[in-house]
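Spelled out from the first residue to the last, the chains are:
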Amino acid sequence: MDTITTEKFERAYYDTWENMYEYHCTYILENGKEAYVGETNDIKRRAREHNMESLTNYLKPFNFDKIHIISGRDGEGTPAEHYEYLLTRLMSADTLFTVVNKQGVNIPHYNRINDFEKYFDALWPQLVEKNLVSAKEFADVINTSTYKYSPFTVLTDA
């Protein structure tokens, strides 16, 4: 997952969006101040769900105006979940955006860590270029106390 496509987050545009690989993707909704990170196998359906008027849709009041869709040939469910988890933590620690994900983002089990790291290393500069993060290197964010003690971090017994 190494490609970021930025689109307007408006109903009129949903049907024009392309997930060229037709697999799972990770996405970032943002309005310049707040951001939400998610993953899905159907970006058009998920966008409609985020825009629904309902008591359970806590995202509607944020009026997100952009969506950044992260996709690639390896867009399987577990890597997409891993990106969602990691981006939620990294963007929260980076503090350029207030990440509005509720606590409880699933920690995925991902065996191909080397593939993941290779693609994520290539993804981070694109996040910087699209002004989704302020730190030039994600290693800088990982070393902050904010990241290490993030509410999205689950402590283990070990």
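Since the structure is predicted, the reported quantities are computational estimates derived from the model, not experimental observations.

**Focus: the packing of aromatic side chains**
Taken as a whole and assessed by the stated rule, the structure comprises five aromatic pairs. Seen from their ring centres, Phe9 and Trp17 are 6.3 Å apart, and the 25° between their planes marks the pair as stacked. According to the relative accessible area criterion, Phe9 is buried, its value standing at 6%. Each ring, one from Tyr14 and one from Trp17, has its centre 4.8 Å from the other, and the planes form 55°; the classification is tilted. Here the two residues Tyr14 and Trp17 agree in accessibility, since each one is buried. If you follow Lys102 out to its NZ or CZ, it ends over the ring of Tyr58, 4.3 Å from the centre.

**Here we look at helix α1 (residues 43-50)**
The set of residues buried in α1 consists of Ile43, Ala47 and His50. Looking straight down α1, one finds its buried side chains confined to an arc of 60°; they lie on one side. Among the structural elements, β2 (25-30), β3 (34-40) and β4 (66-71) are those in contact with the buried residues of α1.

About the criteria used
- Think of each chain on its own: its residues are numbered from 1, step by step along the sequence as written.
- Two thresholds apply to this predicted model, a pLDDT of at least 70 for residue-level local features and 80 or more for giving and counting side-chain atom pairs, whereas whole-chain, interface and lining totals are computed over all residues.
- Note: side-chain values were computed over all heavy atoms of the structure, leaving out hydrogens and water.
- Centre distance within 6.5 Å is the pairing criterion for rings of Phe, Tyr and Trp, where only the six-membered ring of Trp is used; planes under 30 degrees apart are then read as stacked, over 60 as edge-to-face, and the remainder as tilted.
- When accessible area is computed with a 1.4 Å probe and restricted to protein chains, residues below 20% of their type maximum are described as buried, those above 50% as exposed, and intermediate ones as partly exposed.
- We call a charge positioned above a ring when the Lys NZ or Arg CZ atom is no farther than 6 Å from the ring centre and deviates by at most 35 degrees from the ring normal.
- Runs of H or I in DSSP of at least four residues are treated as helices and runs of E of at least two as strands, each being numbered from the N terminus.
- Arc definition: directions from the helix axis to the C-beta atoms.
- Throughout, a contact is declared for two residues whenever any of their heavy atoms are within 4.5 Å.

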